[in-house]
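# Examination of the molecular architecture
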Amino acid sequence: MTRLVCYLMVSLLAACAQAGVGHSAFSIEDVGNGVYVHHGEHLDIDTGYQGDICNTSFVVGSNGVAVIDTGGSLKVGNQLRTAIRKVTDKPILYVINTHVHPDHVYGNAAFLDDKPQFVGHAKLGDMMQLRKEAYDKLNSQYLGADAKGTVQVLPTLPIKESLVLDLGDRKLTVVPYLVAHTNTDITIMDSKTSTLFTGDLLFISSG
Ligand SMILES: [Zn+2]
């Protein structure tokens, strides 16, 4: 049975009435079998946005690590990277962005020194550049000092059709979609646990 890792964040397009609960620390949930999730705060990109509303994940294979979404700022990306390093010192091979929204991609810069492949939909690079001015403006408006160093890092491995990423003892199948939540959506399926990472193609909300 496919297990869904649901991204409970609130996007620019799907507002949620549920009030967020403050996070005092950057917590990681060990889902099991090398799959880890950080739950972002349940907020919209509006007053109170702090760059950490996206559920980020990482998958540890025998050869290295794949990161799935990086949060909305360099600060969040750094927190995620620190959390990964507490789990494993294996190389970070892939940084995958599920779609263009800023809360998913602006932590990428934290992983530049790891020299991973940055993986995203074939249209992701163009869409990031097209929206750069607007998203940079949002970041400086809401993130304050955390906006510093929060820069775009574009994909180096564009996904035009399904592609398998090899982590050694497990493979990740990346599938691109046409227009859905955005025109840059991809999903990632882990072969070892049948976990499907849906990005913002799936929301669960009581709001
Ligand atoms: Zn989104």
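Refer to the structure above for everything that follows.
## Side note on the overall build of the chain
Looking only at helices and strands, the chain features three helices and twelve strands. Expressed as a percentage of its 207 residues, the buried residues of the chain come to 50%. Looking at the chain alone, contacts between residues at least 24 apart form 64% of all its contacts between residues at least 6 apart.

## Some remarks on the sheet that holds strand β7 (residues 117-121)
Strand pairing in a sheet relies on backbone hydrogen bonds, with the paired strands running either antiparallel or parallel. As summarised here, the arrangement of the seven strands in space is β2-β3-β4-β5-β6-β7-β8, forming an open sheet in which the pairing is mixed. Where the open sheet ends on each side, the last strands, each with one partner, are β2 (29-32) and β8 (157-159). Direction aside, neighbouring strands of the sheet carry axes that sit 20° apart on average. Where β2 meets strand β3 (residues 35-38), three bridges bridge the pair, whose relative direction is antiparallel. The partner of Glu-29 across the bridge, within β3, is Val-37. Each of β3, β4 (56-60), β5 (65-68) and β6 (92-96) is contacted by helix α1 (residues 74-87), which is oriented at about 30° to β4, the strand it contacts most.

## Some remarks on the environment of Gly-144
Note that Gly-144 resides in the loop between α3 (124-142) and β8. Overall, the relative accessible area of 45% leaves Gly-144 in the partly exposed class. A C-alpha to C-alpha distance of 8.8 Å links Gly-144 and Gln-50, two positions 94 residues apart in sequence.

## What about the nonpolar core?
Formed by 17 residues in total, the largest nonpolar core has its most connected members in Phe-58, Val-65, Val-67, Leu-80, Ile-84, Ile-92 and Phe-111. If you list the elements that add at least two residues to this core, you get β4, β5, α1 and β6. The element that contributes the greatest number of residues to this core is α1, accounting for four residues. Leave out the neighbours within four places in its chain, and Val-67 touches Ser-57, Phe-58, Leu-80, Ile-84, Ile-92, Tyr-94, Val-95, Ile-96 and Phe-111.

## Quick word on the packing of aromatic side chains
Counted under the stated rule, the structure contains two aromatic pairs. Aromatic pair Tyr-36 and Phe-58: ring centres 4.8 Å apart, planes at 10°, arrangement stacked. Of this pair, Tyr-36 sits in strand β3 while Phe-58 sits in strand β4; the two residues are 22 residues apart in sequence, bridging distant segments of the chain. Considering the side-chain rings of Tyr-49 and Tyr-142, the 6.3 Å spacing of their centres and the 85° angle between planes classify their relative orientation as edge-to-face. Here Tyr-142 lies in helix α3 and Tyr-49 lies in the loop between β3 and β4, a separation of 93 residues in the sequence.

## Topic: the pattern of salt bridges
Summed over all chains, the structure comprises seven salt bridges. Note that Asp-114 and Arg-85 form a salt bridge whose closest N and O atoms lie 4.0 Å from each other. Within this pair, whereas Asp-114 is found in the loop between α2 (102-105) and β7, its partner Arg-85 is found in helix α1, the two being separated by 29 residues in sequence. A cluster of three or more residues bridged by salt bridges with shared partners is formed by Arg-81, Arg-85 and Asp-114.

## Structural notes on the pairing of β4
If a strand is regular, its side chains alternate between the two faces of the sheet. Within β4, five of the five residues are buried, leaving the element largely enclosed by the surrounding structure. Both faces of β4 are covered, namely the face carrying Thr-56, Phe-58 and Val-60 and the face carrying Ser-57 and Val-59. Of the pairings in the sheet, the one linking β3 to β4 comprises four bridges and is antiparallel in character. Across the sheet, Val-35 pairs through a bridge with Val-59, a residue of β4. Hairpin connection between β4 and β5: a loop of four residues separates the two successive antiparallel strands.

About the thresholds
- Residues numbered from 1 in each chain as written.
- Predicted model: local features only at pLDDT ≥ 70, side-chain atom pairs only at ≥ 80, totals over all residues.
- Heavy atoms only, no water.
- Helix = DSSP H or I, 4+ residues; strand = E, 2+ residues; numbered from the N terminus.
- Buried < 20%, exposed > 50% of the residue type's maximum accessible area, 1.4 Å probe, protein only.
- Contact = heavy atoms within 4.5 Å.
- Pairing = 2+ DSSP bridges.
- Axes fitted to C-alpha atoms, helices over the stretch in contact; angles between N-to-C directions.
- Core = buried A, V, L, I, M, F, W, Y, C linked by side-chain atoms within 4.5 Å.
- Phe/Tyr/Trp six-rings, centres within 6.5 Å; stacked < 30°, edge-to-face > 60°.
- Salt bridge = Lys/Arg side-chain N within 4 Å of Asp/Glu carboxyl O.

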